[in-house]
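Descriptive analysis of the structure
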Amino acid sequence: MSFHYFRKRKIRIANKPESVSSPIPSSVKDLLAFMKTAFGESPDIVFREFILGVTNTPAAIVFIRTLVNTDTINNQVMEAALRIRKEDSFTPHADLLDELTQRLLPVGNVTKISSTQELTVALLHGNTLLFMEGYSTAIEISTSGAEERSISDPNVEHEVRGPRESFVENMQTNMSMVRRKINNQNLRFLSFKLGNVTHTDVCIAYVHGIADPSLIVEIKQRMDKIEVDGLLESLYVEEWIEDHPASLFAQIDHTERPDRVAAMLLEGRAAIIINGSPWVLIVPTVFLQFFTSSGDYYINHYFSSFLRWIRFVAFVFALTIPSFYIALITMHQEMIPTPLALRIAGDRSGVPFPAIVEALAMELSFEILREAGIRLPKVAGQAVSIVGALIIGEAAVQAGIVSPIMVIVVALTGISSFAIPQFSLGMTARLLRFPLMLLASIAGIPGITVALLTLLTYLASLKSFGVPYLSPLAPFVAQDMKDSLFRASWRKLAKGIHSFGKNTGQGISEFDAEDTR
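Computed from a predicted structure; not experimentally measured.

The rules behind each value
- Residues numbered from 1 in each chain as written.
- Predicted model: local features only at pLDDT ≥ 70, side-chain atom pairs only at ≥ 80, totals over all residues.
- Heavy atoms only, no water.
- Helix = DSSP H or I, 4+ residues; strand = E, 2+ residues; numbered from the N terminus.
- Buried < 20%, exposed > 50% of the residue type's maximum accessible area, 1.4 Å probe, protein only.
- Contact = heavy atoms within 4.5 Å.
- Polar contact = N/O pair within 3.5 Å; in protein donor to acceptor, adjacent residues only side chain to side chain.
- Pairing = 2+ DSSP bridges.
- Axes fitted to C-alpha atoms, helices over the stretch in contact; angles between N-to-C directions.
- Patch = residues over 30% accessible without salt bridge, like charges linked within 9 Å, V, L, I, M, F, W, Y side chains within 5 Å.
- Areas by Shrake-Rupley, 256 points an atom, 1.4 Å probe, with all protein chains shown as cover.
- Salt bridge = Lys/Arg side-chain N within 4 Å of Asp/Glu carboxyl O.

**Concerning the environment of D483**
Secondary-structure assignment places D483 in the loop between β12 (467–468) and α16 (490–493). Given a relative accessible area of 22%, D483 falls into the partly exposed group. Spatially, the C-alpha atoms of D483 and S305 are 9.1 Å apart, while their sequence positions differ by 178 residues. Ignoring any residue separated from it by four or fewer positions in sequence, one finds D483 in contact with E267, Y297, R308 and L493. Separated by 2.7 Å, the side chains of D483 and Y297 make a polar contact. One polar contact links D483 to R308, side chain to side chain, over a distance of 2.8 Å.

**Quick look at the sheet that holds strand β2 (residues 57–64)**
Picture the strands of a sheet paired through backbone hydrogen bonds; they go either parallel or antiparallel. Taken together, 5 strands build an open sheet; the order of strands is β1-β2-β4-β5-β3 and the sheet is antiparallel. Edge positions in the sheet fall to β1 (45–52) and β3 (110–113), since each has one partner strand and no second. For this sheet, the mean inter-axis angle between neighbouring strands, taken without regard to orientation, is 25°. Relative to strand β5 (residues 138–141), strand β4 (residues 128–132) runs antiparallel, the two being bridged by 3 bridges. Note that in β5 the partner of L130 across the bridge is I139.

**Description of a nonpolar patch on the surface**
The grouping of V313, V316, F317 and L412 at the surface amounts to a nonpolar patch, some 300 Å² of accessible area in total. Residue placement: L412 occurs in helix α14 (residues 404–418).

**Let's talk about unusual backbone geometry**
Here the amide bond leading from V283 into P284 is cis, since omega sits at -10°, within 30 degrees of zero. Relative to the helices and strands, P284 is located in the loop between β10 (280–283) and α10 (301–330). The omega angle of the peptide bond from S471 to P472 is 5°, so this bond is cis rather than trans. Counting through the fold element by element, P472 comes out in the loop between β12 and α16. We note that H199 has phi near 50°; this positive angle belongs to a residue other than glycine. With respect to the helices, strands and loops of the structure, H199 is situated in the loop between β6 (187–194) and β7 (200–207).

Here it is as structure tokens:
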């Protein structure tokens, strides 16, 4: 059965017209029949019928077992419904549905809905629906409480000092973590749904008065253009809304740390939170942003600046060391000191392959080991990646396939790529390394120089939501240089206003007026 068959089926499902909303049937049996037809005979959907004792009125509740807190339903919802007896004192001529709604108020949010479309949305959000015979209105009871991962330490963005909490897959929990960091009424959340089939909850977070209103409008316009059946991770949104989708360089930052998101919001940026993903997107993003980490602001600014330069050097090493080694060995032997050149020549005397083949073989072996270490179970993966690299490298040298210095070059390159704080930039360096190696074997150092100048020119042409990618270096923004190549002290950082936002602090834009309705 071919993939093309499934793709055609998927398109038909995605283009299926939405069901037209209609009034709720007043008969419980008709309503349950409608619900079973709409959702099918799924075992996680519970249909429970019972009798209200006050007038022997048939009633029923419907909920999805995997999305609700069953204790709330059994101990509060059902108890409140079955507690109604004939001897209870009701207001004269009171409506039974209104009386039951009042009794359910302690449970949480209780609302009335009157259309079948609202029934579907409420059920999929983990709420419980209560129906009564003779009423074309249902009661929606907030009982959501599905199992979720608890807040834990960051798995990727580790820091020596600072908060030790990371985002989880629940969007509401992530929003609460950001709200605790920025305890201000100007923190705004814009929520909507994406995905023709999944209807995934997504929200944009920003600080009103600091973020540029035009930035929020631009984000919303780009997200409104997303046409996809399912939205299962933040990368889906990232590739849809970035300025240059074909670029190898990420133009949108992502993080699992709430403190990093809060810091970016205070600079005038916006965050995009996707339900089901522990990674939050940050826009706009500049190139130098990928060399910073949350820990830079929790240590002395002198040491923080030193670490940033270490990361810059690591990026250059990860990108160019193999290509420069190939160029020196192949075309520019005169640039190597004589003792070292003689040593390298002696070590390579038994190697049967040219430098480019030797480098490609070792780099590909290292990448395979790194990928294997990720895919294997955690305990075995570390052993395979470390021990495997040592064993293969030593065996390759003993067999005369590669020279010892090539093992050093590949090891230094791999370690340098791990020193880059943002994994996406490290992957870019790993990928660009291979064409640079091929170019070095053909044109030597002049070819590498031309390639790097071309790459720099390309970076200068990129933008992220209208912000130059190399800002604040190109174009030069003096006030932002305090937190770029170096980090100034907090006394100086607190005095500046970041160029990503407009600190007007007054008035409400047309977009915000729509948001506050």
